[in-house]
Structures are given as C-alpha cells and as structure tokens.
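These are the residues of each chain, in order.
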Amino acid sequence: MATSKFPTQKDGSETFSQETAVVVFVLGGPGSGKGTQCPKIVEHFGFTHLCAGDLLQAEIESESENGTMIQNFKKEGKIVPSAITVKLLQQAMQLSDNKRFIIDGFPRNEENRTAFENIMKIEPEFVLFFDCPEEELTKRILNRNQGRVDDNIETIRKRLKVYFESTLPVINYYNSKGKVQKIDAQRSIDEVFEDVKSVFSKLKPVARVGSMN
Ligand SMILES: Nc1ncnc2c1ncn2[C@@H]1O[C@H](COP(=O)(O)OP(=O)(O)O)[C@@H](O)[C@H]1O
Ligand SMILES: Nc1ccn([C@H]2C[C@H](O)[C@@H](COP(=O)(O)OP(=O)(O)O)O2)c(=O)n1
Ligand SMILES: [Mg+2]
C-alpha cells in the first residue's frame, strides 16, 4: 500500500486541506453530460473522478443499512442527506493516492455544500458548470438507456425541479465568488470537450499536490 503523505487524525483517517488536495466540482442538470465528459478529463488531465450518484448507487447495491433509504430518495429524485454523501466522498478521497479530484454531481444543494466545507475544509479550485436547456436534458435522459430507476418521465420532472430549486443556487453562490466556468453543453460531445479542455489547460500545475500515481 502506498505510504501516505498526508496528516493523520487521531482516528487514523487522513485529513485533507487546501494544501493537500485539488477539488473541481462538476455541476449541471441531469443529462447535461457530466458523466460523459468526466472520463475525458481523467484521461487528459490525470484527475480522479468521483461521481456522487455512483457512490450512492454502490451503497444501494452493497445492501448497506442505508441502501433502501437511498434507493427511495433516488426514485423520488430527491437529494440524499449530506452526512451520507459526504462520508462516501471522504472515504473515496482517503483511499485515492491521487489527490486531484473532479467531483461530479455534488454539491447538489446548500446542505451538501456546507457539509463538505465543514467536514473536508476544502474549497473547490473552480466549478465546471454544464449549462443545457431543460428540453435537451429531458430528451437525453429519456434516451440514456442505462436501466436507471430514475430515468423515467415522472422522476425526471422531479429531478429537474430539484435541480432548478436547489442546485442552481449553489452554482449562483460559486458564481458570486468568481469560481464558475460555464460551458455551453448543448453542443456535440466533442465540441463540449474542446471548451472543457481549454478550461483545464489554464489550471496552474499544482506542485504542492501529491503525485498522480
Ligand atoms: N453533448 C452531448 N450531446 C448529445 N448527447 C449527449 C451529450 N453529452 C452526453 N450525452 C448523452 O446524454 C445522456 C446523459 O449524459 P450523462 O453524461 O449521463 O449526463 P449527466 O451525468 O450529466 O446526467 C447520455 O446518454 C449521453 O450519452
Ligand atoms: N450529491 C448527490 C448526488 C446524487 N444524488 C442522488 C439524487 C440524484 O437524482 C441521483 C443520481 O445522481 P447522478 O449524479 O448519478 O445523476 P445525473 O448523472 O445528474 O443524472 O443520486 C444525491 O442525492 N446527492
Ligand atoms: Mg451522471
């Protein structure tokens, strides 16, 4: 196992700080292309991709004590309590040798945002925001074909409502701090990635951060 370069808490878990990790949040409506673009960012820029929705799905599949509750939130298009999601993110971050993270689909509401800040003590380097009209989001999700319990018209309506009411305020919050990089996500996958590339190419090489394996 790799030796840790990071400070250790009394309970043995690693701590993170602004000096030891780089975090980029990837936000946008359901279907805006977060999960499509993130693997490309990993490939080109050596980040580790953490998708909050996938971590929650893994909890459902592992039949953990919270699995049924998470599944019900998902079916209803609701946002799972932050204590659960932040803990899953924290565990994944601690297990990763690479300390440069793109965190996809998080923070989805103000509670997610403040819980992460309070627990992890990390501010994102920036927020990548995939801006896409509602009509296109609905069309893409209905065509996604991944057998998801939440990709049906009824749940999509609820998820879009949650996105506009709860996630957009988080994006506006980061925008007011000058941290949002907005991408027009309505174009083709390759065109979107051209813009994504130019955003990440401007990132300063971060010498303070641990090696990327
Ligand atoms: N730029 C794009 N143009 C057309 N379809 C796209 C584009 N980006 C993603 N898709 C498709 O839309 C669906 C939703 O994309 P996904 O990456 O899963 O979005 P998100 O993770 O933001 O919900 C997928 O079927 C994907 O293949
Ligand atoms: N921060 C998060 C992220 C996802 N969830 C739940 C609620 C979301 O509707 C589902 C699916 O999230 P996911 O990011 O996979 O969905 P999209 O890729 O945006 O379509 O998971 C959550 O409760 N909290
Ligand atoms: Mg996704």
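Just so we're clear, the structure is a prediction, and the values are computed from it rather than from any experiment.

Participant: So what exactly am I meant to see when it comes to the overall build of the protein here?
Facilitator: Scanning the protein for helices and strands turns up eight helices and five strands. Residues classed as buried in the protein amount to 46% of the 213 residues present. Pairs at least 24 apart in sequence give 77% of the contacts found in the protein among residues at least 6 apart. Just so you have it, the protein exposes about 11,200 Å², and 49% of that area is on carbon and sulfur atoms.

Participant: How should I be thinking about the site of ligand 2 in this particular structure?
Facilitator: Close to ligand 2 lie 16 residues; Lys34, Val80, Arg108, Arg144 and Arg159 are nearest. For ligand 2, a nitrogen atom lies 3.1 Å from a polar atom in the backbone of Gly105. One of the side-chain N or O atoms of Asn112 is found 3.1 Å from a nitrogen atom in ligand 2. Taking 520 Å² as the accessible area of ligand 2 by itself, protein coverage stands at 96%. A total of three residues in the shell around ligand 2 trace back to one element, the largest contributor, which is helix α2 (residues 52–61).

Participant: Explanation requested: the pairing of strand β3 (residues 100–104) in the structure shown.
Facilitator: In regular strands, side chains alternate between the two faces of the sheet. For β3, a buried count of five out of five residues is recorded, marking the element as mostly surrounded by other parts of the structure. Direction of pairing for strand β1 (residues 22–28) relative to β3: parallel, over a ladder of five bridges. Residue pairing in the sheet places Val22 in a bridge with Arg100 of β3.

Participant: Looking at this structure, I do not really get the packing of aromatic side chains. What am I missing?
Facilitator: By convention here, two paired aromatic rings are described through the distance between centres and the angle between planes. Summed over the entire model, instances satisfying the criterion amount to nine aromatic pairs. Between Phe47 and Phe200, the ring centres sit 5.4 Å apart and the planes meet at 85 degrees, which makes this aromatic pair edge-to-face. With Phe47 in the loop between α1 (34–45) and β2 (48–51) and Phe200 in helix α8 (residues 189–201), this residue pair connects regions lying 153 residues apart in the sequence. Here Phe47 matches Phe200 in class, with each residue buried. Sitting over the ring of Tyr173, Arg113 keeps its end group 3.6 Å from the ring centre.

Participant: Could you clarify how one ought to interpret the UniProt feature "binding site: CMP" (unreviewed entry) in the protein in this entry?
Facilitator: The UniProt feature table records "binding site: CMP" (unreviewed entry) at Asn112. Take Asn112: it is sitting in helix α5 (residues 110–120). With relative accessibility at 3%, the residue Asn112 sits in the buried group. Not counting the four nearest positions on each side in its chain, Asn112 is found in contact with Ile79, Val80, Ser82, Val86, Phe106 and Pro107.

Participant: Looking at this structure, I do not really get the site of ligand 1. What am I missing?
Facilitator: The immediate surroundings of ligand 1 are formed by 13 residues, with Gly31, Lys34, Thr36, Arg144 and Arg187 found nearest. Between Ser32 and ligand 1, the recorded distance is 3.3 Å, taken from a backbone N or O atom to an oxygen atom. Ile189 is positioned with one of its backbone polar atoms (N or O) 3.4 Å from a nitrogen atom of ligand 1. Protein chains shield 77% of the accessible area of ligand 1, which is 560 Å² for the free molecule. Counted by class, the shell around ligand 1 contains two nonpolar, seven polar and four charged residues.

Thresholds applied
Residues numbered from 1 in each chain as written. Chains lettered and ligands numbered in written order. Predicted model: local features only at pLDDT ≥ 70, side-chain atom pairs only at ≥ 80, totals over all residues. Heavy atoms only, no water. Helix = DSSP H or I, 4+ residues; strand = E, 2+ residues; numbered from the N terminus. Buried < 20%, exposed > 50% of the residue type's maximum accessible area, 1.4 Å probe, protein only. Contact = heavy atoms within 4.5 Å. Areas by Shrake-Rupley, 256 points an atom, 1.4 Å probe, with all protein chains shown as cover. Near = heavy atom within 4 Å. Polar contact = N/O pair within 3.5 Å; in protein donor to acceptor, adjacent residues only side chain to side chain. Pairing = 2+ DSSP bridges. Phe/Tyr/Trp six-rings, centres within 6.5 Å; stacked < 30°, edge-to-face > 60°. Lys NZ or Arg CZ within 6 Å of the ring centre and 35° of its normal. UniProt positions renumbered as here; feature names shortened; annotations may be inferred. Nonpolar A, V, L, I, M, F, W, Y, C, P; charged D, E, K, R; others polar.

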